[in-house]
Amino acid sequence: MIEASSLTKMYGDVTALSDVSFTCREGEIFGIIGHNGAGKTTLLKILSGLILPTSGSLVIGNLDLVSDPMQVRSQIGYLPEESRLYETMLVPDYLRFFGEIYGLDRLTIQARADLLLAQLSLQPDGKQIGNLSKGMKRKVAIARSLIHDPSILIYDEPGSGLDPMTTRFIIEYLKQLRTEGKTIILSAHNLAQVEEICDHVMILKRGKVVVFGTMPELREQFGSIRYEIWYIWPEDSKPPIQADQSGNLWMSVAHSIEALNEITSTISSGGGTVERIESRYPSLEEILVKIGK
Ligand SMILES: Nc1ncnc2c1ncn2[C@@H]1O[C@H](COP(=O)(O)OP(=O)(O)OP(=O)(O)O)[C@@H](O)[C@H]1O
């Protein structure tokens, strides 16, 4: 369990984070989204123990970040938005190097590295890191974040700038890590992916939390559901309600259950037949646009 209370971070006069509080449960994927400059990276750096908050507290498990930073860090795997990898190193040497930093013995490092390379489908074939593709470098950075088998992963834009197949692979891998019990906190600009994998979503706006909840909670709070009613209407006449025609079907829109009932009864009393009703919720992208910068 991660409990953040009133986290505030100032960079000189700039308030990057203001009074941010939330709880993240074990084994969930927690998404932090917001426009550029909203404070996502700052929050992730605080959560990973890389920088300290100006005020506020952060408890991870039973440990307090400020009083026990080393213990907290040993439980965390951090993936920065852009990782600087040691370009001339070979992947196994690189992973061994970081494993040793975490105090692991050689056998454990070897076993962990072999497992991670297999899970990530990484076959560096003796190439130096600098000669790997962008996607492979990202996978190396992910393997590095996992070498000490941390229980919490803090990932800044894990799939950004990668081709769709590699991004998909990483998304599926994150889902797999969740089934292994890892807690994952991530930021991403690809909102469809956040919607797909996150159990809880937090939206930051200029350093403040404006929304926090599950996707159904966010949809309920921010958007009206929209129903599309598709129906057949007797030929040679038009429905007495706002409707668009597509082929042999007509479509009318309702924004509430009451309106939906009214429209369906108008259709049946006029001799029409409802073919199907589609409900459409606002996407995370639409919610973010609504919230504004
Ligand atoms: N080291 C720093 N010194 C001064 N200001 C900073 C520093 N790092 C971040 N900021 C400022 O803090 C605010 C939050 O930045 P942060 O990088 O956390 O946002 P972000 O949501 O991650 O943005 P992006 O989506 O563009 O990566 C911005 O106004 C930024 O300019």
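Residues numbered from 1 in each chain as written. Predicted model: local features only at pLDDT ≥ 70, side-chain atom pairs only at ≥ 80, totals over all residues.

If you look the protein chain up in an unreviewed UniProt entry, it shows as ABC transporter related protein from Methanospirillum hungatei JF-1. Within the UniProt record for the protein chain, the comment given under Sequence similarities (unreviewed entry) is "Belongs to the ABC transporter superfamily." (UniProt positions renumbered as here; feature names shortened; annotations may be inferred.)

Caption draft 1: Representation of the overall build of the protein chain within the structure. Helix and strand counts for the protein chain come out as 10 helices and 14 strands. Here the C-alpha radius of gyration of the protein chain, 24 Å, is well above what a compact globule of 293 residues would show, namely 19 Å. Along the three orthogonal principal directions, the C-alpha set of the protein chain runs to about 80 × 45 × 30 Å. When burial is assessed residue by residue, the protein chain has 32% of its 293 residues classed as buried. (Helix = DSSP H or I, 4+ residues; strand = E, 2+ residues; numbered from the N terminus. Rg over C-alpha atoms; globule rule 2.2 N^0.38 Å. Buried ≥ 20, exposed ≤ 12 C-beta atoms within 10 Å, placed from the backbone.)

Caption draft 2: Just the sheet that holds strand E5 (residues 63-64), in detail. The strand order E2-E1-E4-E5 describes an open sheet built from 4 strands, whose pairing is antiparallel. This sheet does not close on itself; its edge strands, each paired only once, are strand E2 (14-24) and E5. Alignment of strand E1 (residues 2-11) against E2, held across 7 bridges, turns out to be antiparallel. Bridge pairing links Ala 4 to Phe 22 in E2. Contacts from helix H1 (residues 40-47) reach E1, E2 and strand E4 (55-60), with the element oriented near 60 degrees to E2. (Pairing = 2+ DSSP bridges. Contact = placed C-beta atoms within 7 Å. Axes fitted to C-alpha atoms, helices over the stretch in contact; angles between N-to-C directions.)

Caption draft 3: Expanded view of the domain arrangement of the protein chain. We note that the domain assignment places domain 1 (2-215) and domain 2 (221-291) within the protein chain. Computed from C-alpha atoms alone, the centre-to-centre distance between domain 1 and domain 2 is 43 Å. Each partner contributes to the interface: domain 1 provides 10 residues, whereas domain 2 provides 6 residues. (Domains from an automatic or database assignment.)

Caption draft 4: Molecular detail of helix H9 (residues 257-269). The terminal C-alpha atoms of H9, which comprises 13 residues, lie 18 Å apart, in line with the 18 Å expected from a rise of 1.5 Å per residue. Looking one or two residues beyond H9, the residue adopting positive phi is Gly 271, at roughly 95 degrees. (Expected span 1.5 Å × (residues − 1).)

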